[in-house]
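The lines below spell out each chain.
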Amino acid sequence: MAKIKAFIFDLDGVITDSAEYHYHAWKNLASELGINIDREFNEKLKGISRMDSLERILVHGNQQDRYSEKEKEQLAAKKNDEYVTLIEQISEKDILPGIATLIDELKSHGYQLAIASASKNAPAILSYLGIKEKFDAIVDPSTIAKGKPDPAIFLEAAKLLKVEPDACVGIEDAEAGIESINKAGMFSVGVGSEEAMKEAHYYVTSTAELSLEQILKEVEKANV
Ligand code: BG6
Ligand code: MG
């Protein structure tokens, strides 16, 4: 790999625990539709766009042909309404352990920072957290034709930062996100269980364990 120049972060589940709010809102909507989803199933929703998540839930409940496109839009909007209300309570104290320190350390060393989140709510969450200005670029997911696991969103982040993909580290908590980073030709850092993060070049089980020094050592070691 080239010398690392940029770090590209996923948001939900990496910077703040909004992944939990997504789960809560989807679980409520699914249950209204008579579909039960659990945490294991939820792993497959992480990193996936709003409409694709709904599709997966409907397939899971064997209801894939039950609703028109318009009804699906309404169902997704209902989930989002609950989610938007839930995230209003987010503040600076909800930045996951170790993340604020890592961001400041990265900035003091001159690395470029970007957000590659599938969420249309990402800018609002970053504002609630009070860290929006720390990022040099935030990819607008509505401009990306194919979501994660396609590499497009991470490649777009690198492009906005004017950095080559092999000089980027991507940090993710979703299986689809790790695949996206790997396909983009970047070094992938996973946050999560060994099982969920098995494709990551390096993984930790909690954001508290993320350290710039260790990540750079792993990049050296991996020689990808
Ligand atoms: C991703 C989450 O970051 O954003 C997914 O991991 C979510 O769970 C997706 O579905 C889309 O988010 P939003 O806020 O646009 O519905
Ligand atoms: Mg995530």
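Every value quoted in this text rests on a predicted model; they were computed, and no experiment measured them.

A. Expanded view of unusual backbone geometry. For the bond running from lysine 148 to proline 149, omega is 15°, close enough to zero to count as cis. Structurally, the position occupied by proline 149 is in the loop between β3 (137–138) and α7 (152–161). In the Ramachandran plot, lysine 162 falls in the positive-phi region, its phi being about 60° despite a non-glycine side chain. Structurally, the position occupied by lysine 162 is in the loop between α7 and β4 (168–172). Accessibility expressed as a relative area gives 76% for lysine 162, which makes it exposed.

B. Here's a closer look at the coordination of the magnesium ion (ligand 2). Protein ligation of the magnesium ion (ligand 2) involves Asp10 (OD), Asp12 (O) and Asp173 (OD), the donor distances falling in the range 2.0 to 2.1 Å. Spacing between the donor residues of the magnesium ion (ligand 2) along their common chain follows D-x1-D-x160-D. One end of the pair, aspartate 12, is in the loop between β1 (6–9) and α1 (18–32); the other, aspartate 173, is in the loop between β4 and α8 (175–183), with 161 residues separating them in the sequence. The buried category is assigned to aspartate 12, whose relative accessible area is 12%.

C. Looking closely at the site of ligand 1. If you check the shell around ligand 1, you find 15 residues, and the closest are Asp12, Gly47, Arg50, Ser119 and Asn121. A distance of 2.8 Å is found between an oxygen atom of ligand 1 and a backbone nitrogen or oxygen belonging to isoleucine 48. The contact in question runs from an oxygen atom of ligand 1 to an N or O atom on the side chain of arginine 50, over 2.7 Å. Protein chains shield 97% of the accessible area of ligand 1, which is 400 Å² for the free molecule. In the shell around ligand 1, the residues fall into four nonpolar, seven polar and four charged.

The rules behind these values
Here the residue index of a chain counts from 1 through its sequence in written order. Written order decides the labels, with chains lettered from A and ligands numbered from 1. Reporting of local features is limited, given that this is a predicted model, to residues whose pLDDT is at least 70; pairs of side-chain atoms are given and counted only at 80 or more, and all residues count toward the totals for whole chains, interfaces and linings. As a rule here, side-chain values come from all non-hydrogen atoms in the structure, and water together with hydrogens is ignored. Where helices and strands are cited, they refer to DSSP runs of H or I of at least four residues and of E of at least two residues respectively, numbered from the N terminus. Each residue is assigned to one of three classes by its accessible area relative to the maximum for its type, calculated with a 1.4 Å probe on protein chains only: buried under 20%, partly exposed between the two thresholds, exposed over 50%. Only nitrogen, oxygen and sulfur atoms count as donors, using a 2.8 Å cut-off from the metal that widens to 3.2 Å for Na, K and Ca. Water is left out, so coordination shells may look unfilled. Only heavy atoms are used to decide nearness, and a residue is near a molecule or strand if one of them lies within 4 Å of it. Here a polar contact is taken to be a pair of N or O atoms separated by no more than 3.5 Å, where protein atoms must pair a possible hydrogen donor with a possible acceptor and residues adjacent in sequence count only if both atoms sit in side chains. Residue burial considers only the protein chains on display, and all accessible areas are found by Shrake-Rupley using a 1.4 Å probe. Throughout this entry, Asp, Glu, Lys and Arg are counted as charged residues, while Ala, Val, Leu, Ile, Met, Phe, Trp, Tyr, Cys and Pro are counted as nonpolar. The remaining residues, Gly among them, count as polar.

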